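Letter by letter, the chains look like this.
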Amino acid sequence: MPQTRRELLKLSPVLALGAFAVPGLRGPLLRAGVAFSDWASAETFRDAHLAPTYADIDAVALNRFPYNGYDVLEPDIDFAAWRLEIRGEVTKPGQYTLDQIKALPKVRQNTRHCCVEGWDVIGRFAGTRLADVLTLVGADPTARFVAVTCADDYYESIEMACARHPQTLLCYEMYDHPLDRGHGAPLRLQIPTKLGYKQAKYLTTMTVTNVLPAAASYWGDQGYSWYGGL
Amino acid sequence: MERTRAPIYEHPWAVRFTHWTNAVAVTVLTLSGLRIFSAFPSFGPKIPQQDLFDPSSLVTLGGWLGGALAWHFTFMWIFMGAGLLYLVTQILSGHFRTVLFVPKDIPGVWPMARHYFLFGPKPPQTSQYNPLQKLAYTTTLAMGALSMLTGLVLYKPAQLSALAAIFGGYHQTRVWHFVAMCGFLAFIPGHLVMVALHGWHNFAAMLTGWKKNPEYTPASARQRAR
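Residues numbered from 1 in each chain as written. Chains lettered and ligands numbered in written order. Predicted model: local features only at pLDDT ≥ 70, side-chain atom pairs only at ≥ 80, totals over all residues.

Considering the pairing of strand β3 (residues 106-114) of chain A
All names here are of chain A. Note: β3 against strand β4 (residues 120-129), nine bridges, orientation antiparallel. Across the sheet, R112 pairs through a bridge with I122, a residue of β4. If you look at the hairpin formed by β3 and β4, you'll find five residues sitting between the two strands, and G118 has a positive phi there, around 120°. (Pairing = 2+ DSSP bridges. Helix = DSSP H or I, 4+ residues; strand = E, 2+ residues; numbered from the N terminus.)

Points about the interface of chain B and chain A
Interface size is commonly expressed as the accessible area that is lost once the parts come together. At the junction of the two partners, chain B supplies 36 residues and chain A supplies 38 residues. Secondary-structure elements contributing two or more residues to the side of chain B that touches chain A are α1 (13-37), α2 (65-93) and α6 (170-208) of chain B. It is α2 of chain B that contributes the most residues to the side of chain B that touches chain A, nine residues altogether. Counted by class, the side of chain B that touches chain A contains 22 nonpolar, nine polar and five charged residues. (Contact = placed C-beta atoms within 7 Å. Nonpolar A, V, L, I, M, F, W, Y, C, P; charged D, E, K, R; others polar.)

Thoughts on the environment of G33 of chain A
Here G33 of chain A lies in helix α2 (residues 23-43). We classify G33 of chain A as buried; it has 21 C-beta atoms within 10 Å. Spatially, the C-alpha atom of G33 of chain A lies 20 Å from that of I158 of chain A, the residues being 125 residues apart in sequence. Setting aside chain neighbours within four positions, we find G33 of chain A in contact with A70, F73 and T74 of chain B. (Buried ≥ 20, exposed ≤ 12 C-beta atoms within 10 Å, placed from the backbone.)

Points about the domain arrangement of chain B
Residue and element names in this part refer to chain B. The domain boundaries assigned to chain B delineate domain 1 (10-97) and domain 2 (99-226). Measuring from the centre of the C-alpha atoms in domain 1 to the corresponding centre in domain 2 gives 17 Å. Listing elements by their share of the side of domain 1 that touches domain 2, those giving two or more residues are α1 and α2. Counted by class, the side of domain 1 that touches domain 2 contains seven nonpolar, five polar and three charged residues. (Domains from an automatic or database assignment.)

Focus: the packing of α1 of chain B against α2 of chain B
When two helices pack together, their arrangement is captured by the angle between the axes and the distance separating the axes. Residues and elements named next belong to chain B. Interaxial distance between α1 and α2 falls to 8 Å at its minimum, and their mutual angle equals 155°. If you check the angle between α1 and α2, you find them roughly antiparallel. Along this stretch, α1 crosses α2, giving a crossing that reads as left-handed. A breakdown of the residues in the contact of α1 with α2 according to their chemical character gives 17 nonpolar, seven polar and one charged. (Axes fitted to C-alpha atoms, helices over the stretch in contact; angles between N-to-C directions. Parallel < 35°, antiparallel > 145°, perpendicular 65-115°, else oblique. Left-handed = near helix turned anticlockwise from the far one by under 90°.)

Comments concerning helix α3 (residues 106-118) of chain B
Under the 1.5 Å per step criterion, the end-to-end length of α3 of chain B is 18 Å for 13 residues, consistent within 8% with the ideal 18 Å. Trailing α3 of chain B by a residue or two, F119 of chain B shows a phi angle of about 55°, which is positive. (Expected span 1.5 Å × (residues − 1).)

Notes on the sheet that holds strand β10 (residues 203-209) of chain A
Residues and elements named next belong to chain A. Spatially, the five strands line up as an open sheet ordered β2-β1-β10-β5-β6, and their pairing is mixed. Single-partner strands in this sheet number two, and they are β2 (94-96) and β6 (155-159). The mean angle between the axes of side-by-side strands here comes to 20°, regardless of whether they run parallel or antiparallel. Pairing of strand β5 (residues 145-150) with β10, which is carried by six bridges, proceeds in the antiparallel orientation. Its bridge partner lying in β10, T149 is registered against T205.

Regarding the pairing of β6 of chain A
Residues and elements named next belong to chain A. Relative to β6, β5 runs antiparallel, the two being bridged by five bridges. Counted as the bridge partner of V146 is I158 from β6. As consecutive antiparallel partners, β5 and β6 are separated by four residues, and within that stretch D153 has a phi angle of approximately 70°, a positive value.

Here it is in structure tokens:
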């Protein structure tokens, strides 16, 4: 029978998959796989494409919108003294009050909130476009990332394309009421183009930067995709 | 004893390569997918949550949700890459005609099923695959396409919102993705039993491409003999 051995050898590239069975190679290979997925996600992100929005009636009742804190649902916050500290590659760094943020145009949107676990809910949100806040504080338009820290010691970061997306909000209302404590009062990120764990609550600082901090993403640092994009 | 027929080159390299690559990829994607599903083992609302079953009691891969997602996000590229290589080479070579189930195969399905399941007479084999095989393979290929498209929607429901709408939105797409997995799980045991029943020559053909002493004479050879 002609050339059966050579035909068999031509299958040998399949054996490369065996590298995933080697304990010392498995971790790096899987991290590379996630990094490649993140890179492909960022490359194909459509700056002006909007996530689907829904009618008011399609949103779940507020009491069916899950609280999904990682630690405490009511971190210790002095609401009277609360400020958002904005720093980094900005011309006007400083402490910004909620009223200063609310003074910018208000956006109200019913969007789908997708959790990495697989559940999803349509909720009603309102807030200020992060893009408008970045303009207000004179953020360097060429800066690469926006990183936030939170009153519950959570932290996250997103790339500038997402930060400037028209549906990315600094959210201060849900269901036409001020955010309740479990949902992140007084201010949270609301990003219909990101998974839930990217949408940090209880914001306290925001840094415009070209270099991701060592603590870049609470869940991303533990093995989830940093990008977490939808 | 029947006379020995000349060997036939049944499976081109691309078919064999993508078959074995995706045998691994489908296994990894199924096991890691079950671990991902166990993070929210329901197709209903989050509140109130009603679990269907706990897949973590089955064999799963990745240890925790983040680990399972890493496997899934790595092997989805391998699965899609092999799938696209298969599709392109099958179309360009015309080899897809051996496997694609078409309307003229319909009359041959029942006699073959009767032979396999009800001890009916064995219909004469005239080509590489019988009509029932073509139906099974074509359905499984469709499941591959369905799992890829629904997987893309689950991965990027906002970027691919138009595609999501075709499947009934993000929430429904999760169901279709699960259905595609069930399709693979329904195919694989029957496939393995058939491979075991048909012996070494049949199995070796998926390794070397060549089938020794095939149970049929290909149409091209019959043509030449005439």
